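Working through the structure, step by step
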Amino acid sequence: TEPVVALIGAHISVAGGLHRAYQRADAAGCESMQIFTRNQRKWSNDPLSFREIEEFYRASKDSSVRKVVSHASYLINLGGNDHVRGKSEEALISELERCRHLSIDDVVLHPGFALESTGEAALARVSASLLKVLEATSDIKVRILLETMAGQGSVLGGDISEFSAILDHLEGHPRIGFCVDICHVFAAGYEMRTHESYNRLVGLLEKHVGLERIHCWHLSDSKMDKGSKKDRHQHLGEGTIGLEPFSMLVNDVRFDNVPAILETPKEGIGDEGNLSLLRKLRGE
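Remember, predicted model here, so these are calculated numbers, not experimental data. (Residues numbered from 1 in each chain as written. Predicted model: local features only at pLDDT ≥ 70, side-chain atom pairs only at ≥ 80, totals over all residues. Heavy atoms only, no water.)

Some words on the pairing of strand E2 (residues 32-35)
- On E2, burial covers both faces: Ser32 and Gln34 on one face and Met33 and Ile35 on the other are all buried.
- By the bridge criterion, three bridges tie strand E1 (residues 7-11) to E2 in an arrangement that is parallel. By the bridge assignment, alanine 10 is partnered in E2 with methionine 33.
- Following the backbone out of E1, through helix H1 (residues 20-28) and into the adjacent parallel E2, one traces a crossover that is right-handed.
- Judged from the four bridges that link them, E2 and strand E3 (residues 67-71) form a sheet pairing that is parallel. Bridged to methionine 33 within E3 is valine 68. (Buried < 20%, exposed > 50% of the residue type's maximum accessible area, 1.4 Å probe, protein only. Helix = DSSP H or I, 4+ residues; strand = E, 2+ residues; numbered from the N terminus. Pairing = 2+ DSSP bridges. Right-handed = clockwise from strand over helix to strand, strands pointing away.)

Given below as structure tokens:
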């Protein structure tokens, strides 16, 4: 039988074609991977060709990568003004369609920025936009995973309780899930560096979103101290978080089969170095 563990992986480049991500992921020893399905610095992209879809499917069959998640464009802000929100909704709908074609189950999305409105009003706006997108794609099974954020400026998602507010607005819609970014929650002020605090954090996630809705983790150490509200990623064990929470996470049976995706710097020991560290923490 397969061991009961999170599926470790990394964010992988799709340079030269989406299907090439599989070869890169296999070369690095990934069990899961995160990709951009499109140029995430542009609002609109050409639709996927039949050939791209077919090549991606074929590459998936030869790969040991078991789960793929997509990361939505950084331009999307469902908390923005009406113009930006409209474009954001369209971009998110098209991302969900792309993922359906590629058989990707989950899209990671930054919840957005409140800008000049209060957090409450912004959460209501984001929820209304999410509902609109979910209704427009009701024939698609792909889930939207809202990512925990570092809490800088007016960004939403630095406070875990905001996610339960969104879930309430959406009446617990089954296609809303969550991506927990360890560097971000630490920067937002949550402690996790001991067994007790790690379990307290997981308890908080269970209370506010439900562990069955966590379909992705992002793994990186932090260059900054806890509560800095600054999002600065570092190689595992080389920052202020240390190895303990990563060790607990990759051995936590509650997150069996959930992608645990590195977002560590690409220079230095790179993905291979960080992945081999995670394997050591798993006792391999």
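What to know about the sheet that holds E2
- The sheet built from eight strands closes into a barrel, its strands ordered E1-E2-E3-E4-E5-E6-E7-E10 with parallel pairing. If you compare each strand with its neighbour and ignore which way they point, the axes differ by 30 degrees on average.
- The pairing of strand E6 (residues 176-181) with strand E7 (residues 214-219) spans four bridges and is classified as parallel. Opposite valine 180, over in E7, you have tryptophan 217 as the bridge partner. (Axes fitted to C-alpha atoms, helices over the stretch in contact; angles between N-to-C directions.)

Structural notes on unusual backbone geometry
- Positive phi outside glycine occurs at glutamate 171, with the angle close to 50 degrees.
- You can see glutamate 171 is positioned in the loop between helix H5 (161-169) and E6.
- One non-glycine residue, lysine 229, adopts positive backbone phi at about 60 degrees.
- On the secondary structure map, lysine 229 appears in the loop between strand E8 (221-222) and strand E9 (233-234).

Structural notes on the packing of helix H4 (residues 119-136) against H5
- Viewed as axis vectors pointing N to C, H4 and H5 meet at an angle of 45 degrees, and their least axial separation amounts to 9 Å. What the angle tells us is that H4 and H5 run oblique. The crossing of H4 and H5 is right-handed. Where H4 abuts H5, its residues Leu123, Ala124, Val126, Ser127 and Leu130 lie against Glu162, Ala165, Ile166 and His169. (Parallel < 35°, antiparallel > 145°, perpendicular 65-115°, else oblique. Left-handed = near helix turned anticlockwise from the far one by under 90°. Contact = heavy atoms within 4.5 Å.)

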